[in-house]
Amino acid sequence: MTVRVRFAPSPTGYLHIGGARTALYSYLFAKANGGKYILRIEDTDLERSKREYEEAQIADLKWMGIEHDEGPDKGGDFGPYRQSERLQIYKDIAWDFVKRGLAYPCFLTSIELERLTEKATSENKDPHAYHGQFRDLDPAQAQKRIDAGEEYVIRFKNPGKTWEFTDLVKGHVKFPENMVGDFVILRANGMPVYNFCCVVDDAKMEMTHVFRAEEHLNNTCRQLMIYDAMGVTPPSFGHVSLLIGHDRQKLSKRHGATSVTQYK
Ligand code: GLU
């Protein structure tokens, strides 16, 4: 099996030095194993994503000598490599989940959602305890409401199991059973949520290893559920420590230079 490792930055700013390190690890791991290193652009945040940042990040990676084998500017067999150009793929999979009873349209408004979260918290329950209001709605009823133009999101039906995996850096990780509820995979505007499209792409692009910052460790719980629903074996994960300042907080602008451009 060919080792395939990706770096998946969001083009919402210049390349952070922490991201550069993740890219370096991913690149070195791929190359040390005779594999491929892929660049995928996670630009589903339409307001904050800019092509100018994508170009600047690619230029900074190149400056560091990190050249990808596949990517938006190069193509490859698993493209397109920009998430904004893959929206139909996410939509199809989300609706396939709905058809298979693994996800459902949810019509809760943000005000109702807030109220339910408050109710759950005041009863000492998990904040997401009441978010599954629409999980058993008759699909024909749901379709009627959609056809009538009602706004909806697609929520994934948490199967309520314990999820665990062995991380290449952290070792054995086991998530508490009620850590997440039924979570959104497709927003009302049709855009996919990170935990969903990241898995769709890592699966479709046949990634064998995923290296990313430790702050994503908890996301892996939701992601394991999506792999399971897709019937795909998850890649091996390595969650690397954050780069921190002298105050042991995540390296940020308060500490001084954080972007590769500035170091350059
Ligand atoms: N776009 C995500 C980020 O920049 C990618 C996380 C991941 O590698 O899964 O944090």
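Thresholds, definitions, all that
- Residues numbered from 1 in each chain as written.
- Predicted model: local features only at pLDDT ≥ 70, side-chain atom pairs only at ≥ 80, totals over all residues.
- Heavy atoms only, no water.
- Near = heavy atom within 4 Å.
- Polar contact = N/O pair within 3.5 Å; in protein donor to acceptor, adjacent residues only side chain to side chain.
- 1 Å grid on protein atoms, 1.4 Å probe; cavity = no way out; pocket = protein on both sides within 12 Å on 5 of 7 lines; lining within 4 Å.
- Sits in = over half its atoms within 2 Å of the grid points.
- Phe/Tyr/Trp six-rings, centres within 6.5 Å; stacked < 30°, edge-to-face > 60°.
- Helix = DSSP H or I, 4+ residues; strand = E, 2+ residues; numbered from the N terminus.
- Buried < 20%, exposed > 50% of the residue type's maximum accessible area, 1.4 Å probe, protein only.
- Pairing = 2+ DSSP bridges.
- Axes fitted to C-alpha atoms, helices over the stretch in contact; angles between N-to-C directions.
- Contact = heavy atoms within 4.5 Å.

Student: Tell me about the site of the ligand, residues and numbers included.
Tutor: Every residue near the ligand is listed here: Arg6, Ala8, Ser10, Glu42, Tyr194, Cys198, Arg212 and His216. At a separation of 2.8 Å, a nitrogen atom of the ligand approaches a polar backbone atom of Ala8. One nitrogen or oxygen atom from the side chain of Tyr194 is found 2.6 Å from an oxygen atom belonging to the ligand. Placement of the ligand is best described as lying within the largest pocket.

Student: Can you explain the packing of aromatic side chains? Please cite residues and give values.
Tutor: Evaluation of the coordinates by the stated rule reveals 12 aromatic pairs. Measuring from ring centre to ring centre gives 5.6 Å for Phe165 and Phe237, while their planes differ by 80°; the resulting arrangement is edge-to-face. Note that Phe165 is positioned in strand E5 (residues 164-167) and Phe237 in strand E9 (residues 236-240), a separation of 72 residues in sequence. The class of Phe165 is buried, set by a relative accessible area of 9%. Take Phe237: its relative accessible area is 2%, and that puts it in the buried class. A centroid spacing of 6.4 Å and a plane angle of 65° characterise the contact between Tyr227 and Phe237, whose relative ring orientation is edge-to-face. Remark: Phe237 occurs in strand E9 and Tyr227 occurs in helix H7 (residues 219-230); sequence separation between them is 10 residues.

Student: Describe the sheet that holds strand E4 (residues 153-156), listing the residues and the values that go with them.
Tutor: Ordered by their spatial adjacency, 3 strands build an open sheet running E3-E4-E7, and the pairing between neighbours is antiparallel. Edge positions in the sheet fall to strand E3 (103-106) and strand E7 (183-186), since each of these pairs with one other strand and no more. Strand-to-strand twist across the sheet, computed as the mean angle between neighbouring axes with direction ignored, equals 45°. Sheet topology places E4 next to E7; 3 bridges connect them, and they run antiparallel. Among the inter-strand pairings, Phe156 is bridged to a residue of E7, identified as Phe183. On the sheet, H7 packs against E4 and E7 and is oriented at approximately 55° with respect to E7.

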